[in-house]
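Here is what each chain is made of, one letter per residue.
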Amino acid sequence: MFSRLFGRKTPEAPPSTGGRLVYAVGDIHGRLDAFDPLLHAIAQDVLDSAPQERPMLVLLGDYVDRGPASAQVIDRILSLQAEPAFEVRALKGNHEEALLQFRDEPGFGQTWVEHGGSATLASYGVQPPATRTDPEAWETARLAFGKVLPPAHTHFYENLELMLTVGDYAFVHAGVRPGVPLERQVERDLLWIRAEFLQSTAKFEKIIVHGHTPMEEPQITGRRIGVDTGAYATGLLTAVRLDDSGHRILQGRAVRSAA
């Protein structure tokens with residue numbers, strides 16, 4: 001009543017995770033050598049925090065391509081999902097979409113390798129074609145890839161989530177289309193959007209936690225949290241720790257960056 005009488009605004013409540021301790025990890029891109037140190041930092045933080053409920057580990061997509069250990073990153077994620085320490089939620093990135101497209105369309109390989117797909121093939125023991133414009137060579141590579149892709153990896157790629165909401169936060173790979181309700185967002189925007197989302201001043205329904213667009217430092221505003229710090233090139237992988245008390249950045253760094 002007094003706030004209305006004297007024109008004072010009631011302070012907004014800080015964003016909440018609904019009591020959960022959540023860690024959201026940015027684009028790994030085959031950098032197991034950065035992912036493992038980050039997992040160690042997160043595990044230590046969980047020990048220090050002693051949460052009452054099992055913490056949640058949200059992976060924001062782009063596990064493959066560019067870095068040298070795409071297949072091994074997926075193995076690590078699958079092992080995390082099999083353990084009770086975390087509730088692991090894995091989102092789909094545009095690079096997982098590209099991998100699945102190549103699996104079904106060999107002609108897409110020419111485009112995929114321009115964005116790091118050859119590193120993924122190599123991590124599975126498949127030699128990329130020497131000539132990018134040879135259709136028969138790409139079909140051979142596609143067939144070889146299909147033969148060596150473990151069933152558990154196929155299931156993983158085919159069942160990635162597009163969006164996850166936890167309390168006042170929404171987790172996606174790339175971002176959301178401004179002005180469109182979260183339940184009406186389309187897959188292409190969730191996986192690919194950049195400028196329209198990053199430059200928007202619109203207020204979203206929830207704080208958007210995302211990767212996709214690499215930055216030198218994590219991007220934290222009142223509307224979004226971006227945690228892609230270009231691990232494939234920098235060897236620095238970033239996560240944001242979220243709970244009802246606020247947010248904090250955790251990072252893992254490879255001893256040496258990939259060439």
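The paragraphs below set out a description of the structure included in this document.

### A few points about the environment of Q219
Working step 1: Among the secondary structure elements, Q219 is positioned in strand β7 (residues 219–220).
Working step 2: Sequence separation of Q219 and T229 is 10 residues, and the distance between their C-alpha atoms is 9.4 Å.
Working step 3: Ignoring sequence-local partners within four residues, the contact set of Q219 consists of R224, I225 and G226.
Working step 4: Side-chain polar atoms of Q219 contact the backbone oxygen of E217, separated by 3.0 Å.

### Some points on the side chain of S70
Working step 1: With respect to the element layout, S70 can be found in helix α3 (residues 70–82).
Working step 2: Among the residues examined, S70 registers a relative accessible area of 0% and is labelled buried.
Working step 3: Only 2.9 Å separates the side chain of S70 from the backbone nitrogen of D65, close enough to count as a polar contact.

### A closer look at the pairing of strand β3 (residues 87–90)
Each regular strand displays side chains that alternate between the two surfaces of the sheet.
Working step 1: Because side chains alternate across β3, one face comprises the buried residues V88 and A90, and the other comprises E87 and R89, none of which is buried.
Working step 2: Sheet topology note: the strand β2 (residues 56–59)/β3 ladder contains four bridges and is parallel. Across the sheet, residue L57 finds its bridge partner in β3, namely V88.
Working step 3: Note that the unit made of β2, α3 and β3 has a crossover that is right-handed.

### A look at the packing of α3 against helix α8 (residues 151–158)
Two measures define how a pair of helices packs: the angle their axes make with one another and the distance between the axes.
Working step 1: Between α3 and α8, the shortest axis-to-axis distance is 11 Å and the interhelical angle comes to 80°. Relative to α8, the element α3 is oriented roughly perpendicular. Residues A71, I74, D75, I77, L78 and Q81 of α3 form the contact with α8, whose participating residues are A152, H153, F156 and Y157.
Working step 2: Looking at the contact of α3 with α8 residue by residue, the classes come out as seven nonpolar, two polar and one charged.

### Comments concerning the pattern of salt bridges
Working step 1: In total, this model carries 15 salt bridges according to the counting rule given.
Working step 2: Ionic pairing is found between R89 and E161, a salt bridge with its closest N-O pair at 2.8 Å. With R89 in strand β3 and E161 in the loop between α8 and β4 (164–166), this residue pair connects regions lying 72 residues apart in the sequence.
Working step 3: Given a relative accessible area of 22%, R89 falls into the partly exposed group.
Working step 4: Accessibility expressed as a relative area gives 23% for E161, which makes it partly exposed.
Working step 5: Measuring nitrogen to oxygen at the nearest pair gives 3.7 Å for the salt bridge that ties E196 to R177. Remark: R177 occurs in the loop between β5 (169–171) and α9 (187–192) and E196 occurs in helix α10 (residues 195–198); sequence separation between them is 19 residues.
Working step 6: On the basis of relative accessible area, E196 is assigned to the partly exposed category, the value being 43%.
Working step 7: By relative accessible area, which is 27% here, R177 ends up partly exposed.
Working step 8: Salt bridges linked by common partners bring R20, E53, E87, R89 and E161 together as one network.

How each quantity is defined
Residues numbered from 1 in each chain as written. Predicted model: local features only at pLDDT ≥ 70, side-chain atom pairs only at ≥ 80, totals over all residues. Heavy atoms only, no water. Helix = DSSP H or I, 4+ residues; strand = E, 2+ residues; numbered from the N terminus. Contact = heavy atoms within 4.5 Å. Polar contact = N/O pair within 3.5 Å; in protein donor to acceptor, adjacent residues only side chain to side chain. Buried < 20%, exposed > 50% of the residue type's maximum accessible area, 1.4 Å probe, protein only. Pairing = 2+ DSSP bridges. Right-handed = clockwise from strand over helix to strand, strands pointing away. Axes fitted to C-alpha atoms, helices over the stretch in contact; angles between N-to-C directions. Parallel < 35°, antiparallel > 145°, perpendicular 65-115°, else oblique. Nonpolar A, V, L, I, M, F, W, Y, C, P; charged D, E, K, R; others polar. Salt bridge = Lys/Arg side-chain N within 4 Å of Asp/Glu carboxyl O.

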